[in-house]
Amino acid sequence: AAAAAAAASHPGAPDTEHRSDDATAIARAATATATSSAPEPAPPPPATEAELRAHVGYELLEAGNAAYHRQDWQAALRQYMLSMRYLDWFSLRSLELLTYPQKRRMEEGEQRCRLNRAACYLKLQQYADARDECQSVLRNVPSHPKALYRLGLAYEGLKRYEEAVQQLNRAALCKPND
C-alpha cells in the first residue's frame, strides 16, 4: 500500500494500485528506460509537391551554407542555384493547390538564396552579380536590411561610392543597432 501511495504521488507513473512492490519497481524502470532511450519520431514525409520542393530546396540551401562556411564560394553558388530551382513556386505543376504559407516559405527560401549568392559574389569580387541579386530581393522587400547592406558593398566594389553610401545609410535606418 505504501508503494502504491508513493507511486501515485510520482507524476506520470503508471497505475500501481494492484501491483506488488517488485512489479512496481520493474514498471518504473521500464517507463524510465522507454522514455529516456526512445528516439525522436521522424517528421512525416512531405505530402504535396510544394512541401517536397520546399524541403529539398531548404536542404540544398543548407548545403550551400556549409560550402560557404568552408569558403568554397563556387560550390556554394551552385547549391544556392539548385535550391532556387526547387523553391520557384511559379513552376509548380499544381499551382492551384499551393497554400499561402507554402508560397511564403518558398519565397523566403529564395530570398535567402539570393542574399547568400550576393555574399558569394562579393567574396569573388563579382560586384555586378552581387548587385543584381540584391536588387532582386529589394523588388519584393524594399527595405530588407541585409539586401541594402550587401547592395551598398556591391556599389562600393563597382566604385559607385555615392550609391554605396546611400544604400548603406538605408540599411542603417532599417536596423539602427546593427
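To be clear, the structure that these remarks concern was listed above.
On to the packing of aromatic side chains, then. Applying the stated criterion across every chain yields a total of one aromatic pair. Taking NZ or CZ as reference, arginine 105 lies 4.3 Å from the ring centre of tyrosine 58, over its face.

Core analysis: the largest hydrophobic core is formed by 32 residues, its most contacted members being Leu87, Met106, Cys113, Cys120 and Ala130. Contributing elements (two or more residues each) for this core: α3 (49-69), α4 (73-87), α5 (100-123), α6 (127-140), α7 (145-157) and α8 (161-174).

Here glutamine 125, not a glycine, exhibits a phi torsion of approximately 60°, which is positive. Note on placement: glutamine 125 falls in the loop between α5 and α6. Phi at lysine 159 takes a positive value of approximately 65°, unusual for a residue other than glycine.

Here we come to the packing of α7 against α8. Where α7 meets α8, the closest approach of the two axes is 8 Å, and the angle between their N-to-C directions is 160°. In terms of their interaxial angle, α7 and α8 are classed as roughly antiparallel. Considering the relative orientation of α7 and α8, their crossing is left-handed. Residues Pro145, Leu148, Tyr149, Leu151, Gly152, Leu153, Tyr155 and Glu156 of α7 touch α8, and the partners they reach there are Tyr161, Glu163, Ala164, Gln167, Leu168, Arg170, Ala171 and Cys174.

Moving on, we come to the packing of α6 against α7. It is at 8 Å that the axes of α6 and α7 come closest, and there the two elements cross at 155°. Taken together, the axes of α6 and α7 lie roughly antiparallel to each other. When the axes of α6 and α7 are compared, the crossing they make is left-handed. Here α6 contributes Tyr127, Ala130, Arg131, Cys134, Gln135, Val137 and Leu138 to the contact with α7, which in turn contributes Ala147, Leu148, Arg150, Leu151, Leu153, Ala154, Tyr155 and Gly157. For the contact of α6 with α7, the per-class residue count stands at 11 nonpolar, two polar and two charged.

Before going further, it helps to examine the environment of glutamate 163. With respect to the helices and strands, the residue glutamate 163 is situated in helix α8. With relative accessibility at 26%, the residue glutamate 163 sits in the partly exposed group. Sequence separation between glutamate 163 and glycine 152 is 11 residues; the distance between their C-alpha atoms is 7.0 Å. In terms of polar contacts, glutamate 163 uses its side chain to reach the side chain of arginine 160, at 2.6 Å.

Quick notes on the rules
- Residues numbered from 1 in each chain as written.
- Predicted model: local features only at pLDDT ≥ 70, side-chain atom pairs only at ≥ 80, totals over all residues.
- Heavy atoms only, no water.
- Phe/Tyr/Trp six-rings, centres within 6.5 Å; stacked < 30°, edge-to-face > 60°.
- Lys NZ or Arg CZ within 6 Å of the ring centre and 35° of its normal.
- Core = buried A, V, L, I, M, F, W, Y, C linked by side-chain atoms within 4.5 Å.
- Buried < 20%, exposed > 50% of the residue type's maximum accessible area, 1.4 Å probe, protein only.
- Helix = DSSP H or I, 4+ residues; strand = E, 2+ residues; numbered from the N terminus.
- Axes fitted to C-alpha atoms, helices over the stretch in contact; angles between N-to-C directions.
- Parallel < 35°, antiparallel > 145°, perpendicular 65-115°, else oblique.
- Left-handed = near helix turned anticlockwise from the far one by under 90°.
- Contact = heavy atoms within 4.5 Å.
- Nonpolar A, V, L, I, M, F, W, Y, C, P; charged D, E, K, R; others polar.
- Polar contact = N/O pair within 3.5 Å; in protein donor to acceptor, adjacent residues only side chain to side chain.

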